[in-house]
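# Architecture and fold: a report
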Amino acid sequence: MLHPSASLAFRSLLKSAATRAGLTRSTPRLAGLGPGAVAFHASALAQDGPVVLVVPTDTDVEQMVADARFFLSAMKGLSDAQAEQAVLPFPSQEVDPYRGLAPHLEVASARARALTALATGTAQLIIASARALPPNLSDPSRLAAESLILKPGVEIAPRDLGERLAIGGFTPED
């Protein structure tokens, strides 16, 4: 843990470096950056509004999320919990969508969490793998209106949950 004055100095240094390098403005095409620099660039851009960053694989998503959480929390002074809410992964379904198999619950939850945060404006940076993008997705306004955060202590009738999921575009299955 850094001393508060050291933390402010580090934050100032990162913001200054991002501005001087031109990383705080979107560029049509940027090449030659390593993964850490890409995470830094995406984090700098995410300070002004939501950013969706597409990386080649789900393994790249995991590393990029960790790096971007570090940079965004350092630049904005976020806690670990705030950084986890600000930078979200959008992994691929990890199953062939044409075979009728359902993705793992953790994957489906991560995807739903990212889409809801993007639709409601609570996420600053969504990091998706290229394989995550092809499936059809629900309309953002419909997703935002029908979102429900399930966590311990929240009760909802199974029928109500099923209806909300159906409205959100899910199909009932056994």
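Okay, so let's go over this structure. (Residues numbered from 1 in each chain as written. Predicted model: local features only at pLDDT ≥ 70, side-chain atom pairs only at ≥ 80, totals over all residues. Heavy atoms only, no water.)

## As for the packing of helix α2 (residues 35–45) against helix α3 (residues 58–76)
In contact at an axis separation of 8 Å, α2 and α3 are set at 45° when each is read in the N-to-C sense. Of the possible angle classes, the one that applies to α2 and α3 is oblique. The element α2 and its partner α3 pack so that their crossing is right-handed. Along its contact with α2, which presents P35, G36, V38, A39, F40, S43 and A44, the element α3 presents M64, D67, A68, F71, L72 and M75. A class-by-class count of the residues in the contact of α2 with α3 yields 10 nonpolar, two polar and one charged. (Axes fitted to C-alpha atoms, helices over the stretch in contact; angles between N-to-C directions. Helix = DSSP H or I, 4+ residues; strand = E, 2+ residues; numbered from the N terminus. Parallel < 35°, antiparallel > 145°, perpendicular 65-115°, else oblique. Left-handed = near helix turned anticlockwise from the far one by under 90°. Contact = heavy atoms within 4.5 Å. Nonpolar A, V, L, I, M, F, W, Y, C, P; charged D, E, K, R; others polar.)

## Focus on a nonpolar patch on the surface
Together, V52, V54, L118 and L133 give the surface a local cluster of nonpolar side chains, amounting to about 300 Å² of exposed area. Structurally, V52 can be placed in strand β1 (residues 51–55). (Patch = residues over 30% accessible without salt bridge, like charges linked within 9 Å, V, L, I, M, F, W, Y side chains within 5 Å. Areas by Shrake-Rupley, 256 points an atom, 1.4 Å probe, with all protein chains shown as cover. Salt bridge = Lys/Arg side-chain N within 4 Å of Asp/Glu carboxyl O.)

## Quick look at the environment of T59
Structurally, T59 is set in helix α3. Residue classification places T59 among the exposed positions, given a relative accessible area of 58%. Residues T59 and S129, 70 residues apart in the sequence, show an inter-C-alpha distance of 8.5 Å. (Buried < 20%, exposed > 50% of the residue type's maximum accessible area, 1.4 Å probe, protein only.)

## A word on the environment of R131
In this fold, R131 is placed in the loop between β3 (125–129) and α6 (140–146). Counting along the chain gives 76 residues from R131 to V55, while the straight-line C-alpha distance between them is 9.2 Å.

## Concerning the side chain of S73
If you trace the backbone, S73 turns up in helix α3. Of the polar contacts made by the side chain of S73, one reaches the backbone oxygen of R69; its length is 2.8 Å. Of the polar contacts made by the side chain of S73, one reaches the backbone oxygen of F70; its length is 3.0 Å. (Polar contact = N/O pair within 3.5 Å; in protein donor to acceptor, adjacent residues only side chain to side chain.)

## Side note on the nonpolar core
Soluble, globular proteins show a tendency: their nonpolar side chains are buried together. Membership of the largest hydrophobic core comes to 23 residues, with the highest contact counts inside it found for L53, V87, L125 and I127. The set of elements that each furnish at least two residues to this core consists of α1 (4–20), α2, β1, α3 and β3. At eight residues, α3 tops the list of elements feeding residues into this core. Those residues within four positions of V87 in sequence are excluded, and the remaining contacts are V65, A68, R69, L72, L125 and I127. (Core = buried A, V, L, I, M, F, W, Y, C linked by side-chain atoms within 4.5 Å.)

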